[in-house]
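# An overview of the molecular structure
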Amino acid sequence: MSRVSQEINSFRRPERVHVAAPSVGAHAPPTSLYVHQDLPVVVGFLRHCGCPFAEKTLVSLRSLAEKHREIRFIAVSHADEAATQTWVNEVGGAGHVRVLCDPARHEYNAWGVGISDLSHFLGGSALLSVIELLPQGIRNRAPAGTRWQM
């Protein structure tokens, strides 16, 4: 897919599906994310690959995973495997973070991470926050996935 096609596709709003957010104090939802049950797990859900906020999330998880080897860190992408791996390589790798792909967004939905509204990615505060990430070398890259994902 060309970069222009990726850009256009990233703006298409996905079908809204029911999300089931776990309540505070409840057990985590049944999921395929629990690959290591011997250690506590921190799960980070990424917006779209190419999104500066997704990059900041992965960079933060990578830093924490390096410092806290007694905890498993997982980043969940809704882009496909190839696009996710390309993006992960562009942003410096995953380090000790396991990156899982969930293109159907089943994990996102099970954890209550739904889609957003237009202001979520085109609102003034969102755009200002993107600009604030530039000094860290974090910027918009070729998108893979939907910009509507929270």
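One can find the structure itself at the top, above this paragraph.
For the rest of this paragraph, the subject is the packing of aromatic side chains. Aromatic ring pairs are reported here in terms of the distance separating the ring centres and the angle at which the planes meet. As enumerated under the stated definition, the model contains two aromatic pairs in all. Each ring, one from Phe45 and one from Trp111, has its centre 5.8 Å from the other, and the planes form 50°; the classification is tilted. Placement of Phe45 in strand β1 (residues 41–45) and of Trp111 in the loop between α4 (106–110) and α5 (118–122) is noted, with a sequence separation of 66 residues between them. Taking relative accessible area as the criterion, Phe45 reaches 16% and is therefore assigned buried. An aromatic cluster of three or more residues is present, and its members are Phe45, Tyr108 and Trp111.

Moving on, we get to the nonpolar core. Counting residues in hydrophobic clusters, the biggest one holds 23 residues, and the most contacted among them are Leu46, Leu58, Ala75, Trp87, Val97 and Tyr108. Secondary-structure elements contributing two or more residues to this core are α2 (52–67), β2 (72–77), α3 (81–90) and β3 (97–101). If we ignore the near neighbours within four places in the chain, the residues touching Tyr108 are Phe45, Leu46, Arg47, Val76, Ser77, His78, Asp102, Val113, Gln149 and Met150.

Where β1 lies against β2, five bridges are found, and the strand directions are parallel. By the bridge assignment, Val41 is partnered in β2 with Arg72. Taken together, β1, α2 and β2 constitute a β-α-β crossover, and its handedness is right-handed.

So, about the sheet that holds β3. Read from one edge of the open sheet, three strands run β1-β2-β3, paired in parallel fashion. In this open sheet, the two edge strands, each paired with only one partner strand, are β1 and β3. Pairwise comparison of adjacent strand axes, ignoring direction, gives a mean angle of 25° for this sheet. α2 contacts β1, β2 and β3 of the sheet and is inclined by roughly 165° relative to β2.

Rules behind the numbers
Residues numbered from 1 in each chain as written. Predicted model: local features only at pLDDT ≥ 70, side-chain atom pairs only at ≥ 80, totals over all residues. Heavy atoms only, no water. Phe/Tyr/Trp six-rings, centres within 6.5 Å; stacked < 30°, edge-to-face > 60°. Helix = DSSP H or I, 4+ residues; strand = E, 2+ residues; numbered from the N terminus. Buried < 20%, exposed > 50% of the residue type's maximum accessible area, 1.4 Å probe, protein only. Core = buried A, V, L, I, M, F, W, Y, C linked by side-chain atoms within 4.5 Å. Contact = heavy atoms within 4.5 Å. Pairing = 2+ DSSP bridges. Right-handed = clockwise from strand over helix to strand, strands pointing away. Axes fitted to C-alpha atoms, helices over the stretch in contact; angles between N-to-C directions.

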